[in-house]
Amino acid sequence: MKVGHIVNLFDPSCDVLRCVRELNLHSRHSHSLFVRDRHPDQDVYQFEEAPRGDAAAVIAAADVLIYHFAGLAADRHDPGKPSAFRSLHITWEGGDGRFRTTMDTPLDDYRLLSASHVGATDFLPEDRFRWLPDLLPLDGPYQFDPALLPVPAVSYIKHAEQLREMDFGGADHLDCSRTAHATVLARRRHLTTAVIDNVCDGHYGLAGQEAAIFGLPVVGFNHPRTLEAMEDWRSPGTEFPFIQAETVDEAAKAAVRVAGEASVPYRRAIRAWAEEFLDPRRLISEYWDPFIDELAG
C-alpha cells in the first residue's frame, strides 16, 4: 500500500516529517510526503525540513491519502482515493470539561479522522476517530546519555514567561522557549534532570515524549481521558515518566522535587519505559498500520 501524506503548512514541530521517516523504516506500507509552505518561525526553531516535492506526484502515486493539520484543497486532492485527516491543535481549558480547537476544516469528505490527542473526540465523530500517537526515533540525537549530572536542572518551553520568574530551589533554569530544536535536544539530553511539559493541553506533548525518551521525568497535566488511553502503557514494574500537575505553580514545585532525585537508575528506568512503549515499531504495528489498512478497506 502506498500512502501519501499531505501537509499544507510545515508544522512547527516537524512532527509529520519524523512520523513519515519512522513509517518508512518500520511500516508494512510505503510513505511519501508533500509539504506546501515553510513555517513562518522556521528561522527560530530550525527544525529539519522536508523537501517541498510535488503534490500532484505524491497524490498520483498514493493508494490512500492522509492530510495533516490542514484540510483538502482543490489542487491537492483526488476524490477517488480514500483520505483521512490527522492532527489538530487542541487545548484544555477546564470549565465545561471539554477540549477546544481552532480547527474549522470540513470533515465530511474524510473516511477516517485521527489525532495524537484523544481529546479530539470532543469535536470529532467518535465512529470515525482513531488515536495515532506521534512517532519519534530512539537513536541518533535521541540516544540516552546516562551521565549523572552534578547540578539539578529543569527544562521548559511552554509557560516560559511564568516559569523563568520562579524559584527552582537551586536547580538551574533551562529556558528552551524560542530555541533551535537541535539545541533543545542537546540541552535535554546532556544538561536536564526534569522537564516541565504543559498544563494547558491535557496531553503530554512532543516535548514530553522527547523528554521521556531521554530518560527524564515529565511534569504536566494529562487529562484522565489521556491517561485512560495510555492505560496499557502503565504496566507494573515500569517507571511511568509523567507526573501530574494542574497549574504552573504545581508543575514548578514538582519539577524541583524530581529534578533533585533524578539518579542514574531512575533515569535508566524511564528510558527503559520509553524503549518499551514509545518504540516506533510498536506504535506503528499497534496503531498506524491498522489505521492505514482500515482506511484502504
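A. Representation of helix α9 (residues 264–277). Its 14 residues give α9 an end-to-end C-alpha distance of 20 Å, which sits within 8% of 20 Å, the value for a rise of 1.5 Å per residue. Listing the buried residues of α9 in full gives Val-264, Tyr-266, Arg-267, Ile-270, Arg-271, Trp-273, Ala-274 and Phe-277. Looking at the packing, one finds that the buried side of α9 touches α5 (181–190), α6 (206–213), β13 (242–244) and α10 (280–296).

B. Up close: the side chain of Lys-81. With respect to the helices, strands and loops of the structure, Lys-81 is situated in the loop between β3 (64–68) and β4 (83–86). Of the side chains with opposite charge, Asp-78 lies nearest to the buried Lys-81, which makes no salt bridge, at 4.1 Å. Of note is the side chain of Lys-81, whose polar atom sits 2.5 Å from the backbone oxygen of Ile-59. When near neighbours in sequence (up to four residues on either side) are disregarded, Lys-81 contacts Ile-59, Ala-60, Ala-61, Ala-62, Asp-63 and Leu-65.

C. Representation of the sheet that holds strand β12 (residues 218–220) in the model. The parallel open sheet is built from five strands, whose spatial order is β10-β9-β11-β12-β13. Every other strand in the sheet has two partners, leaving β10 (172–175) and β13 as the edge strands with one partner each. Across the sheet, the axes of successive neighbouring strands diverge by a mean angle of 25°, strand direction being ignored. Taken together, the two bridges between strand β11 (residues 194–196) and β12 define a ladder with parallel strand orientation. For Ile-196, the partnering residue across the bridge sits in β12 and is Val-219. Across the face of the sheet, helix α8 (residues 248–259) comes into contact with β9 (153–156), β11, β12 and β13 while running at roughly 170° to β11.

D. Quick look at the pairing of β9. Neither face of β9 is open: one carries Ala-153 and Ser-155, the other Val-154 and Tyr-156, and all of them are buried. Here four bridges tie β9 to β10, and the two strands are oriented parallel to one another. Opposite Ser-155, over in β10, you have Leu-174 as the bridge partner. One ladder, built from three bridges, connects β9 with β11; its direction is parallel. Looking at the pairing, Tyr-156 lines up with Ile-196 of β11.

Rules used in this analysis
- Residues numbered from 1 in each chain as written.
- Predicted model: local features only at pLDDT ≥ 70, side-chain atom pairs only at ≥ 80, totals over all residues.
- Heavy atoms only, no water.
- Helix = DSSP H or I, 4+ residues; strand = E, 2+ residues; numbered from the N terminus.
- Expected span 1.5 Å × (residues − 1).
- Buried < 20%, exposed > 50% of the residue type's maximum accessible area, 1.4 Å probe, protein only.
- Contact = heavy atoms within 4.5 Å.
- Lys, Arg positive; Asp, Glu negative; His and termini not counted.
- Salt bridge = Lys/Arg side-chain N within 4 Å of Asp/Glu carboxyl O.
- Polar contact = N/O pair within 3.5 Å; in protein donor to acceptor, adjacent residues only side chain to side chain.
- Pairing = 2+ DSSP bridges.
- Axes fitted to C-alpha atoms, helices over the stretch in contact; angles between N-to-C directions.

By themselves these figures say nothing about function.
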